[in-house]
Amino acid sequence: GDKEAEKYDPLTNCFTIRTWNALGYRVKKGEKAIRSITYVKATDPTGDDEDEETDTVTYPKTVYLFYRTQVEKR
């Protein structure tokens, strides 16, 4: 509800399954991920001339996150 929404902080309590596993938690059975989009910067793979500055491109990437109430300690 509203109380949990106030506590939501994607930097401290909402992570991918891989991050939760590394922290010693596991996702509870039956929990559904929160689908989010983040923007990633990368070097432009089509840059033909190596003498020029490297161009960067930004592209959207879908990530699947789990909130702290959806996980339990192993």
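Look a little higher up for the structure.
To keep things clear, this report deals only with the structure shown in the data block. What you see is a predicted model; the values in this text were computed from it and never measured. (Residues numbered from 1 in each chain as written. Predicted model: local features only at pLDDT ≥ 70, side-chain atom pairs only at ≥ 80, totals over all residues. Heavy atoms only, no water.)

1. Observations regarding the overall build of the protein chain
Counting its regular elements, the protein chain contains two helices and five strands. Put simply, the protein chain runs from its N terminus to its C terminus through helices and strands in the order α-β-α-β-β-β-β. For the protein chain, contacts bridging at least 24 residues in sequence account for 67% of all contacts bridging at least 6. Summed over its atoms, the accessible surface of the protein chain is roughly 6,400 Å², and 49% of this surface lies on carbon and sulfur atoms. (Helix = DSSP H or I, 4+ residues; strand = E, 2+ residues; numbered from the N terminus. Contact = heavy atoms within 4.5 Å. Areas by Shrake-Rupley, 256 points an atom, 1.4 Å probe, with all protein chains shown as cover.)

2. Focus: the pairing of strand 3 (residues 34-43)
By the criterion of burial, strand 3 is predominantly exposed, with just zero of the ten residues buried. With ten bridges connecting them, strand 3 and strand 4 (residues 56-67) associate as antiparallel partners. Its bridge partner being in strand 4, Ile-34 is matched across the sheet by Leu-65. (Buried < 20%, exposed > 50% of the residue type's maximum accessible area, 1.4 Å probe, protein only. Pairing = 2+ DSSP bridges.)

3. Here's the deal with the side chain of Gln-70
Along the chain, Gln-70 turns up in the loop between strand 4 and strand 5 (71-73). In this structure Gln-70 comes out as buried when scored by relative accessible area, which is 10%. One polar contact links Gln-70 to Glu-31, side chain to side chain, over a distance of 3.1 Å. Each residue touching Gln-70, except ones within four places of it in the same chain, is listed here: Arg-26, Val-27, Lys-28, Glu-31, Lys-32, Ile-34 and Leu-65. (Polar contact = N/O pair within 3.5 Å; in protein donor to acceptor, adjacent residues only side chain to side chain.)

4. A word on the pairing of strand 4
Looking down a regular strand, the side chains alternate between one sheet face and the other. Direction of pairing for strand 1 (residues 14-15) relative to strand 4: antiparallel, over a ladder of two bridges. Its bridge partner being in strand 4, Phe-15 is matched across the sheet by Phe-66.

5. Topic: the sheet that holds strand 1
Spatially, three strands are ordered 1-4-3 in an open sheet, and the strand pairing comes out antiparallel. Each edge of the open sheet is held by one strand with a lone partner, namely strand 1 and strand 3.

6. Regarding the nonpolar core
Membership of the largest hydrophobic core is limited to five residues, which are Phe-15, Trp-20, Val-27, Phe-66 and Val-71. Not counting residues up to four positions away in its chain, the partners in contact with Phe-15 are Pro-10, Trp-20, Leu-23, Tyr-64, Leu-65 and Phe-66. (Core = buried A, V, L, I, M, F, W, Y, C linked by side-chain atoms within 4.5 Å.)

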